[in-house]
Amino acid sequence: MKIISVLYTNFQNDSRVQKMAASLKKHGHEIEIVAMFDGDVKEKEILEGIPVTRIRTRQKGKSKLSKTFRFLSFSFKAARKYRKADAWHCNDIEGFMVGMLAKTMRPKLQLVYDAHELESQRNNIKKWV
């Protein structure tokens, strides 16, 4: 099974995602981690035998509008490129929203929301989310 683990971070130091990906690979699945290109990281690399691809967006700024366009750009690029996978594994609410977009593009896509903490308790998360 081809599984995409999608993150709206640059996946620089996330041991839980790395361990989850290693476990899926050990059980015979083809796994790829897809993250945001941000900061001093490589666009593509292989970590412990698992490919990591970081998606570039053109939006830079800190304004709400820039952040919104950056999220939308990342979302559409990830959904369009990886929607043909068998399943997406999402660790946070942002990744899950990207996964929902991919699922609308390909309804057969299996979507797993694996929240590691209660999203409503995170800083700067609106109550409606």
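Residues numbered from 1 in each chain as written. Predicted model: local features only at pLDDT ≥ 70, side-chain atom pairs only at ≥ 80, totals over all residues. Heavy atoms only, no water.

### Let's talk about the sheet that holds strand β4 (residues 50-55)
Note the threshold: The rule for pairing is simple: two strands pair if DSSP sees at least two bridges between them. Helix and strand assignments come from DSSP, with helices taken as H or I runs of at least 4 residues and strands as E runs of at least 2, each series counted from the N terminus. As a rule, the C-alpha atoms of each element are fitted with a line to give its axis, helices using only the stretch in contact, and angles between N-to-C directions run from 0 to 180 degrees. Throughout, a contact is declared for two residues whenever any of their heavy atoms are within 4.5 Å.
Taken in spatial order, the 6 strands of this open sheet run β3-β4-β2-β1-β5-β6, and their pairing is mixed. Bordering the open sheet on either side are β3 (44-47) and β6 (110-113), each of which pairs with just one other strand. Direction aside, the axes of adjacent strands within the sheet are offset by 25 degrees on average. In terms of strand pairing, strand β1 (residues 2-6) meets strand β2 (residues 30-36) through 5 bridges, oriented parallel. Directly across from S5, in β2, lies its bridge partner I33. On top of the sheet, helix α1 (residues 15-26) reaches β1, β2, β3, β4 and β5 (87-90); it is set at about 160 degrees to β2, its chief contact.

### Comments concerning the packing of aromatic side chains
Here is the rule: Pairing of aromatic rings covers Phe, Tyr and the six-membered ring of Trp, with a centre-to-centre limit of 6.5 Å; geometry is then stacked below 30 degrees between planes, edge-to-face above 60, and tilted otherwise. Consider the ring centre and the ring normal. A charge sits over the ring if Lys NZ or Arg CZ is within 6 Å of that centre and within 35 degrees of that normal.
Across all of its chains, the model carries 3 aromatic pairs by this definition. Between the aromatic rings of Y8 and F71, the centroid separation amounts to 5.0 Å while the plane-to-plane angle is 85 degrees, which identifies the pairing as edge-to-face. With Y8 in the loop between β1 and α1 and F71 in helix α2 (residues 64-82), this pair connects stretches of sequence that are 63 residues apart. Residue placement shows R56 over the ring face of F37; its charged tip is 3.9 Å from the ring centre.

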